[in-house]
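Remarks on the overall topology
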Amino acid sequence: TCNQLLASSLDRDQSLLSPKTSKEIEKLPALSQARHLNLQEFQSKKLMADGGINVQLFEVVSTNQEAASVASKLKVDEYVIKAQILAGGRGKGTFDTGFKGGVHLTKEPSKVKSLVDSMLGHKLTTKQTPKGGVQVTKVMVAEAMDIERETYFAILMDRAHGGPVMVGSPKGGMDIEEVAEKEPDAIFKVPIDIFDGVQQDQVMFMAEKLGFTGEKQAVAAEQMRRLYDLFLRVDATQVEINPLGETPDGRVVCFDAKINFDDNAEFRQKPVFAMDDMAESDPREVEASKHNLNYIGMDGNIACLVNGAGLAMATMDIIHLHGGSPANFLDVGGGVTEEQVFNAFKLLTQDKQVKAILVNIFGGIVNCATIANGITSACKSINLSLPLIVRLEGTNVEEAKKILAESNLPISSATDLDDAAKKAVASL
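Residues numbered from 1 in each chain as written. Predicted model: local features only at pLDDT ≥ 70, side-chain atom pairs only at ≥ 80, totals over all residues. Heavy atoms only, no water.

**Some points on the confidence of the model for the protein chain**
Heads up, the condition is: A score between 0 and 100, pLDDT records how confident the predictor is in each residue. Helix and strand assignments follow DSSP, with helices taken as H or I runs no shorter than four residues and strands as E runs no shorter than two, numbered in order from the N terminus. We call two residues contacting when some pair of their heavy atoms lies within 4.5 Å.
Per-residue confidence for the protein chain gives a mean pLDDT of 87, with 90% of residues at or over 70. Ranking the helices and strands of the protein chain by mean pLDDT puts helix α8 (residues 200–209) first, with 98, and helix α2 (residues 8–13) last, with 36. The low-confidence segment residues 25–35, where pLDDT is below 50, has 32 contacts with residues more than four positions distant or belonging to other chains.

**Some details on the side chain of Gln40**
To keep things clear, this is the line we draw: Think of it in three bands: with a 1.4 Å probe and only protein chains considered, a residue is buried below 20% of the maximum accessible area for its type, exposed above 50%, and partly exposed in between. Two N or O atoms form a polar contact when they lie within 3.5 Å of each other; inside protein one atom must be a possible hydrogen donor and the other a possible acceptor, and for residues adjacent in sequence the pair counts only when both atoms belong to side chains.
Tracing the sequence through the fold places Gln40 in the loop between α3 (19–26) and α4 (41–50). Taking relative accessible area as the criterion, Gln40 reaches 14% and is therefore assigned buried. Engagement of the side chain of Gln40 in a polar contact is seen with the backbone nitrogen of Ile85, the distance being 3.3 Å.

**A short note on the pattern of salt bridges**
As a reminder, the rule being used: The salt bridge criterion pairs a side-chain nitrogen of Lys or Arg with a carboxyl oxygen of Asp or Glu, the two atoms within 4 Å.
Inspection of the entire model under this criterion finds 17 salt bridges. Of the charged contacts in the structure, one is a salt bridge between Glu41 and Lys82, with a shortest N-O distance of 2.9 Å. Of the two residues, Glu41 is situated in helix α4 and Lys82 in strand β2 (residues 79–83); the sequence distance between them amounts to 41 residues. Lys82 shares its class with Glu41; the two are buried. One salt bridge connects Lys46 with Asp50, and the closest N-O pair in it is separated by 2.8 Å. With a gap of four residues between them, Lys46 and Asp50 both fall in helix α4, about one helical turn apart. Given the relative accessible area of 54%, Asp50 is considered exposed. Within this structure, Glu41, Lys45, Lys82 and Arg90 form a network of salt bridges that share partners.

Rendered as structure tokens:
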């Protein structure tokens, strides 16, 4: 979500945003797809299995031909068939054919193919998908296992501790935020020294607090150690296991996982980032990422081109203040080039819901003249017909204003942010 863009600063500064903007942020469940790698369930399980972590046996099918043979390849007592999409609530979802549920159980191998066929190639709608649903291109067929006891375990980078922290609770299989609110004593945290790594007494302590006893305590502790190894190996910012479960026959298994990755480590995590096929991402956000633009599509009609995440949020907020609605979050960053500005304008103008464009640049690292040249080049190339309001301030601003003035383009200049927002809303 947008909170990931601003990290913990948004938590501190939420009171600075208008109620409208806050609500806009809260209703954007899929925004992490813009720039942050989001893996399917089977991909996370594969990473864990490769690291020696206990997960269910599973196979993945993407064609009806593969579905015909999957039951014979995976010989288990009971099968769980799960549609693979980047959304929660799959079990209660509905397919465009009327078929109910993206998660099904069966003990009969002969039924596996028909269940897969009912999911593959069809659109599944859940409480977290877009209105029209998401097309299922892969289905995971896995070993169904009974869970005798559920716990919660995660490793995450924590700003307060300046490094990784293990977080665990014996209250697994449920919303951990709700547990933290209602039963804070049921949440245990263990900071890890990033140089020394996780210690045996730390994982044994956590396993004990999660309720593992006897031999299972040592097994759970070893799983936690391997999860930390995975956390480091893939440059994760969070590895969340919910539930880390215990089966009736005494096995300790990671039943479900959510892994978040550090985008800055993409250069050394090529195989991991190659797993993201962008099939479920907003096409506008995919296009923006190709040009190294920080873009998030929204529902309004005033497009924003801004430098800096904080200024972009303020721009969205002041548009709301004056009765408008932003069409996007677009931060061009500090090292923006004329070509990026050009591509940003192409992206904004191709969005049919956009009725006006507001450029708000405060040049510190950014050279205002670079922005101005990019704007004039884009306007002439795409024959811009939308109202364009530009507010520039900072580095080389006089040169930038001269470039815009001499371009003879119908650009409305603004003296400050308030003036710019008023003119953008009025232009509609």
